[in-house]
Amino acid sequence: MLELKLEPRPQPSRLWVYASPVLALLLTVLIGIGLFAWLGTDPVRALQIFFWEPIKSAYAFGELMVKATPLLIIALGLAVCFRSNVWNIGAEGQYVVGAIAATGVALAAGKGASSAMVLAVIAAGIAGGMVWAAATALLRDRFNANEILVSLMLVYVAIQLLNYLVFGPWKDPMGYNFPQTERFDAALRIPRLMDGSRMNIGLLIGLAGVAALWVFLFRTRAGFAQLVGGQAPAAARYAGFSARRSLWVALLVSGGAAGLAGALEVAGPIGQLTPYVPVGYGFAAIIVAFVGRLHPVGIVLSAILMSMFYIGGELAQSRLGLPKSITGVFQGLLLFTLLACDTLVAYRIRLQKRSA
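Fair warning: this is a prediction, and the values are worked out from it, not measured in the lab.

A.B. asks: Describe the packing of aromatic side chains, with residues and values.
C.D. replies: Enumeration over the complete set of coordinates arrives at 14 aromatic pairs. Arranged with centres 6.2 Å apart and planes meeting at 75°, the rings of phenylalanine 51 and phenylalanine 309 form a pair that is edge-to-face. Highlighted residues: phenylalanine 51 in helix 2 (residues 43–51) and phenylalanine 309 in helix 12 (residues 296–319), separated in sequence by 258 residues. With a relative accessible area of 0%, phenylalanine 309 lands in the buried category. Three or more aromatic residues joined by ring pairs make a cluster, and in this case those are Phe36, Phe50, Phe51, Phe309 and Phe330.

And the structure:
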């Protein structure tokens, strides 16, 4: 009887390693066409909503960048973790705690605060995300706890903390009983890049992060030590690098990036803390990081693509009557097709007779 066997390729094609995300996107689009047809929706119109509507005007492009900015910043931090063989799955929780910490500083500053306080708001968000990630690093370092489970479970703790604050002590008394804080003072809002658009300087911060991460990973000794410390602890010890330091740096950088994204979100497009701050950016950024091949430039492109899925899903819901979950469907399809393509890049399928 014949059976399928995966045989490792002696040397995976470098071209296909980088072409794999493109092929995965094409497969996702093809599957999406079949899905739209099955749902009784015009596939051409649906694809237009997903891939053309978000870029057809300056305002639409600005909204695309608003969605892409937190995905980009969080994914940059996750790239440091994943390249260091540290599996931080809890960026969503670090994003939420960053938003909470930034809101705490903004509320404490009150009305009439100096515009310089916006720096304190952003710094508080970074610190909040780092503290939340440090809990995972501590448990992994001292007790060898699994960072995947710890970071993931802390997401739910962060969301419960958020709900407690917006339904309780931080609830706006003039907010008509809605679970939300007071709106930030205008001086504590991060500046926008252009009139008539919500696009703000968070995008510039994200692009600066791309350049900084590229230099750190590929042009510094510290970046090389970070990678070796995570992927080959024994070799790192022999070379004088610290695997423990690699763990802490990876999680603190990742947590700080997620907290920064949370601070920019509440001090930017939202302008206050609400229970709807956690929208899945931290989880979607995992896909962004892998589709971008854990490379800073690739992450920029994949963040834009993922934000198209977010906006396209919202438009498909309002204009085509499709369910809200269509965004998650496309995200899942992209991830699974990428995994399938990567498997075929690294392995070849062989048909062979099953041994007796």
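Resuming the write-up.
A.B. asks: Explain helix 7 (residues 202–219) to me, and be specific about the residues and the numbers.
C.D. replies: Between its first and last C-alpha, helix 7 extends 25 Å over 18 residues, near the 26 Å set by a 1.5 Å rise per residue. Taken as a whole, helix 7 has its buried residues at Gly202, Leu203, Gly206, Val210, Leu213 and Leu217. In an axial view of helix 7, the angular spread of the buried residues amounts to 105°, which keeps them on one side of the axis. Summarising the contacts, the buried residues of helix 7 are in contact with helix 3 (58–83), helix 8 (221–231), helix 10 (243–270) and helix 12.

A.B. asks: Describe the side chain of glutamine 94, listing the residues and the values that go with them.
C.D. replies: Looking at the secondary structure, you find glutamine 94 in helix 4 (residues 91–109). One polar contact links glutamine 94 to asparagine 88, side chain to side chain, over a distance of 3.1 Å. Those residues in contact with glutamine 94 that lie beyond four places of it in its chain are Asn88, Gly129, Trp132, Ala133, Ser254, Gly255, Ala258 and Gly259.

A.B. asks: Quick rundown of the pattern of salt bridges? Include the residues and the values.
C.D. replies: Under the defined criterion, the tally for this structure stands at nine salt bridges. In this structure, arginine 348 and glutamate 7 form a salt bridge, with 3.4 Å as the shortest nitrogen-oxygen distance. Taken together, the residues span a long stretch of sequence, with arginine 348 in strand 2 (residues 347–353) and glutamate 7 in strand 1 (residues 2–8) at a distance of 341 residues. Linking arginine 244 and aspartate 141 is a salt bridge whose minimum nitrogen-to-oxygen distance equals 2.7 Å. In this pair, arginine 244 is assigned in helix 10 and aspartate 141 in helix 5 (residues 117–143), connecting sequence segments 103 residues apart. Accessibility expressed as a relative area gives 53% for arginine 244, which makes it exposed. Under the relative-accessibility criterion, aspartate 141 is labelled partly exposed at 22%. One network of salt bridges, in which partners are shared, links Arg45, Glu53, Lys56 and Arg319.

A.B. asks: Go over empty space enclosed by the protein, please, and point to the residues and values.
C.D. replies: For the coordinates displayed, the defined rule picks out one cavity of 30 Å³ or more. Estimated volume of the largest cavity: approximately 80 Å³. Around the largest cavity, the lining residues are Met65, Val66, Thr69, Pro70, Met199, Asn200, Ala261, Leu264, Glu265 and Pro269. Elements with a contribution of two residues or more to the lining of the largest cavity: helix 3 and helix 10. For the lining of the largest cavity, the residue count by class is seven nonpolar, two polar and one charged.

A.B. asks: Give me helix 10: which residues, what numbers.
C.D. replies: When the terminal C-alpha atoms of helix 10 are compared, their 39 Å separation across 28 residues agrees well with the 40 Å that a helix rising 1.5 Å per residue should span. The largest bend along helix 10 reaches roughly 25° and is located at leucine 264. Its side-chain oxygen placed 3.4 Å from the backbone nitrogen of arginine 244, serine 242 serves as the N-cap of helix 10. Trailing helix 10 by a residue or two, glycine 271 shows a phi angle of about 85°, which is positive.

A.B. asks: I'd like a description of the side chain of glutamate 53, backed by residues and values.
C.D. replies: Looking at where glutamate 53 falls in the secondary structure, it is placed in the loop between helix 2 and helix 3. A distance of 3.0 Å separates a polar atom in the side chain of glutamate 53 from a polar atom in the side chain of lysine 56.

A.B. asks: Which residues make up unusual backbone geometry, and what are the values?
C.D. replies: Unusually for a residue other than glycine, asparagine 144 sits at a positive phi of about 55°. Unusually for a residue other than glycine, arginine 293 sits at a positive phi of about 60°. Take arginine 293: it is sitting in the loop between helix 11 (281–291) and helix 12.

Calculation rules
Residues numbered from 1 in each chain as written. Predicted model: local features only at pLDDT ≥ 70, side-chain atom pairs only at ≥ 80, totals over all residues. Heavy atoms only, no water. Phe/Tyr/Trp six-rings, centres within 6.5 Å; stacked < 30°, edge-to-face > 60°. Helix = DSSP H or I, 4+ residues; strand = E, 2+ residues; numbered from the N terminus. Buried < 20%, exposed > 50% of the residue type's maximum accessible area, 1.4 Å probe, protein only. Expected span 1.5 Å × (residues − 1). Arc of directions from axis to C-beta. Contact = heavy atoms within 4.5 Å. Polar contact = N/O pair within 3.5 Å; in protein donor to acceptor, adjacent residues only side chain to side chain. Salt bridge = Lys/Arg side-chain N within 4 Å of Asp/Glu carboxyl O. 1 Å grid on protein atoms, 1.4 Å probe; cavity = no way out; pocket = protein on both sides within 12 Å on 5 of 7 lines; lining within 4 Å. Points joined across faces, edges and corners; volume = space filled by probe spheres on them. Nonpolar A, V, L, I, M, F, W, Y, C, P; charged D, E, K, R; others polar. Bend = angle between axes of the 7 residues up to and from the residue.

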